[in-house]
Amino acid sequence: MFDVVTDKTQDESRQGEAFAPFAQDPNTYKKRFYIESYGCQMNFADSEVVASILHGAGFGATRNLEEADLIFINTCSIREKAEQTVRKRLTEFRKLKMARKGTLVGVLGCMAERLKSKFLEEEKLVDIVVGPDAYRTLPGLVEEAEGGQKAVNVLLSREETYADIAPIRLESNGVNAFVSIMRGCNNMCSFCVVPFTRGRERSRDAESIINECRDLFERGFRDITLLGQNVDSYYYVADGNQVDHGAQVAVTFAELMERVASISPLLRVRFSTSHPKDITDDVLHVMARHENICKYIHLPLQSGSTRVLQLMNRTYTREWYKAKVDRIREIIPDCGISSDIIVGFCTETDEDHADTLDVMRYSGYDLSYMFIYSERPGTLAARRYKDDVPDDIKKKRLTEIVNLQNELSLLSNQKDLGKEFRVLIEGESKRSELDWMGRNSQNKVIVFPKEGVNAGPGEYVNVKVTECTKATLIGKVI
Ligand code: SAH
Ligand code: SF4
Ligand code: F3S
């Protein structure tokens, strides 16, 4: 059965299609654009929408910075460091612009939205500034900039979801794909800049999501991640005219996921990110019911202290979070759980920090993304609270949680020794061309020898785990 849908010739011809915008003949397109992305997966997904819009307007894509007429950088504002990285990259673009007259530089994404036209004053080489909801106007803005004007559009929208735009998969392995299901965020976590850079939350038309996923599956993709800042609050009310004689039809996240999972049992479905306050039993039950909905939840904790959580405006307590973890383990016993954690938030004490370590241990995370608090201009926390935890204490606390997470990751992997997993092969191992690399349902990376394995990227194999490190499971196909 697997052989039929993973037919190699079909996959390869489809890939060719996906990469058409990179056509070799320089005369095929009026101009070439290069696009580099920073930040979260949503930003990477947006770059694929941008590529599609530009391609539709007659521009060709290039992976070679030197031959680009238009250089775009899709930016992130989440922490100060993220913005510094972008500014450094811009100074490198300046050199290219000097060397090639007529090259235009455009800033996209969250930093463009945060700084708006101030960007043009601060970074003289920038010609175009476009916020996340204004990408449809890019071709017009490029034209303006070609005429020698600086071009800016940072209008946020309450409706824009780019639902009708088929993203061009820019850096694809042909197996994994990300599909945006909503935009913006209505949560006001006090540390977070996203509500300001991405605007109000809105859900994308469910039909357009299903169609995009079905198309990806038919092109050979086997692992789809549904993306949103807060996927559990997905709620799309369709104008039911064609569906149900004018009645309105609402789709919840649980229903959406079920519909995507029903495309084929060979299609794996993942999602990111869940806010602990919003993930429902419905979602957990749907996950438990469908083998191909991956048993993995990214459930950002941020802090384990109820007092700090309150200042962060996360709307849950440490007990409530722990109960959520219990509930997940009850309904989906083999579920992988990961987290985001911030140390050194305003007023954080040693006791608060100890509370964070405690919830980490309780949850037994497989993986965590850990950050030092970085004050962001304009956020609630920046306006209300003092960033008063000294740098050396922030660093010390970060080291402590990183060390604990390393222990937890190793422990979690050791529990998998001797177990068998269904693994989707994603490609060659980075370490050795003799090994395949894939992931199990719980999102863990598994490496195993190619020898004797009659399968490749996009295909499933059963792997028994024989060894592990804190980051990787190592095994053999059985
Ligand atoms: N929407 C997602 C997270 C988006 S940002 C969610 O709610 O979980 C990804 C992570 O960056 C956050 O979970 C948080 O841990 C971290 N982060 C956000 N703002 C930050 C700040 N000002 N300083 C440090 N880390 C931050
Ligand atoms: Fe930021 Fe909170 Fe929204 Fe996540 S849920 S994007 S942390 S405001
Ligand atoms: Fe960064 Fe914007 Fe994503 S701030 S994390 S790119 S939503």
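Scroll up to find the structure this text is about.
Residues numbered from 1 in each chain as written. Chains lettered and ligands numbered in written order. Predicted model: local features only at pLDDT ≥ 70, side-chain atom pairs only at ≥ 80, totals over all residues. Heavy atoms only, no water.

How do you make sense of the site of ligand 3 when you look at a structure like this?
Near ligand 3 you find C40, N43, C76, S77, I78, C110, V194, R198 and Q229, and these make up its full shell. Split by residue class, the shell around ligand 3 holds five nonpolar, three polar and one charged. Lining the shell around ligand 3 are residues from two domains, each supplying at least three of them: domain 1 (32–153) and domain 2 (176–414). (Near = heavy atom within 4 Å. Nonpolar A, V, L, I, M, F, W, Y, C, P; charged D, E, K, R; others polar. Domains from an automatic or database assignment.)

Can you help me understand the packing of aromatic side chains in this one?
Under the criterion given, the structure shown has seven aromatic pairs. Where F253 meets F271, the ring centres are 5.3 Å apart and the plane angle is 75°; that geometry is what we call edge-to-face. Of this pair, F253 sits in helix α10 (residues 253–261) while F271 sits in strand β13 (residues 268–272); the two residues are 18 residues apart in sequence, bridging distant segments of the chain. Here F253 matches F271 in class, with each residue buried. Here the aromatic rings of Y316 and Y321 are separated by 5.9 Å at their centres, their planes lie at 40°, and the arrangement is tilted. Taking the relative accessible area as the measure of exposure, Y316 reaches 4% and is therefore buried. Aromatic rings pair up to connect F191, F345, Y373 and Y385 into one cluster. Across from the ring centre of F371, 3.7 Å away, lies the NZ or CZ of R79, which sits over that ring. (Phe/Tyr/Trp six-rings, centres within 6.5 Å; stacked < 30°, edge-to-face > 60°. Helix = DSSP H or I, 4+ residues; strand = E, 2+ residues; numbered from the N terminus. Buried < 20%, exposed > 50% of the residue type's maximum accessible area, 1.4 Å probe, protein only. Lys NZ or Arg CZ within 6 Å of the ring centre and 35° of its normal.)

Looking at this model, I keep getting lost on the packing of helix α11 (residues 281–289) against helix α13 (residues 318–331). Mind explaining?
Packed helix pairs are specified by the crossing angle of their axes together with the interaxial distance, meaning the distance between the axes. Taken N-terminus to C-terminus, the directions of α11 and α13 make an angle of 30°; their axes are 9 Å apart at the nearest point. By the angle between their axes, α11 is roughly parallel relative to α13. Handedness of the α11/α13 crossing: right-handed. Along its contact with α11, which presents D281, L284, H285 and A288, the element α13 presents R327, I328 and I331. In terms of residue class, the contact of α11 with α13 is made up of four nonpolar, one polar and two charged. (Axes fitted to C-alpha atoms, helices over the stretch in contact; angles between N-to-C directions. Parallel < 35°, antiparallel > 145°, perpendicular 65-115°, else oblique. Left-handed = near helix turned anticlockwise from the far one by under 90°. Contact = heavy atoms within 4.5 Å.)

Please explain the pattern of salt bridges as it appears in this structure.
Side chains bearing opposite charge may pair, as long as their charged atoms lie close to each other. In the structure shown here, the tally under the stated rule is 45 salt bridges. Linking E113 and K116 is a salt bridge whose minimum nitrogen-to-oxygen distance equals 3.8 Å. Judged by relative accessible area, which is 1%, E113 ranks as buried. With relative accessibility at 36%, the residue K116 sits in the partly exposed group. A salt bridge links R169 to E212; its shortest N-O distance comes to 2.6 Å. (Salt bridge = Lys/Arg side-chain N within 4 Å of Asp/Glu carboxyl O.)

Would you take a moment to explain the nonpolar core for this structure?
Across soluble globular proteins, nonpolar side chains have a tendency to be buried as a group. Membership of the largest hydrophobic core comes to 57 residues, with the highest contact counts inside it found for L226, F253, M257 and M287. With near-sequence residues (within four places) excluded, M257 lies in contact with L226, V269, F271, V283, V286, M287 and I293. Counting residues in each nonpolar core, the second largest holds 26 residues, with A51, I53, L54 and A134 among its members. (Core = buried A, V, L, I, M, F, W, Y, C linked by side-chain atoms within 4.5 Å.)

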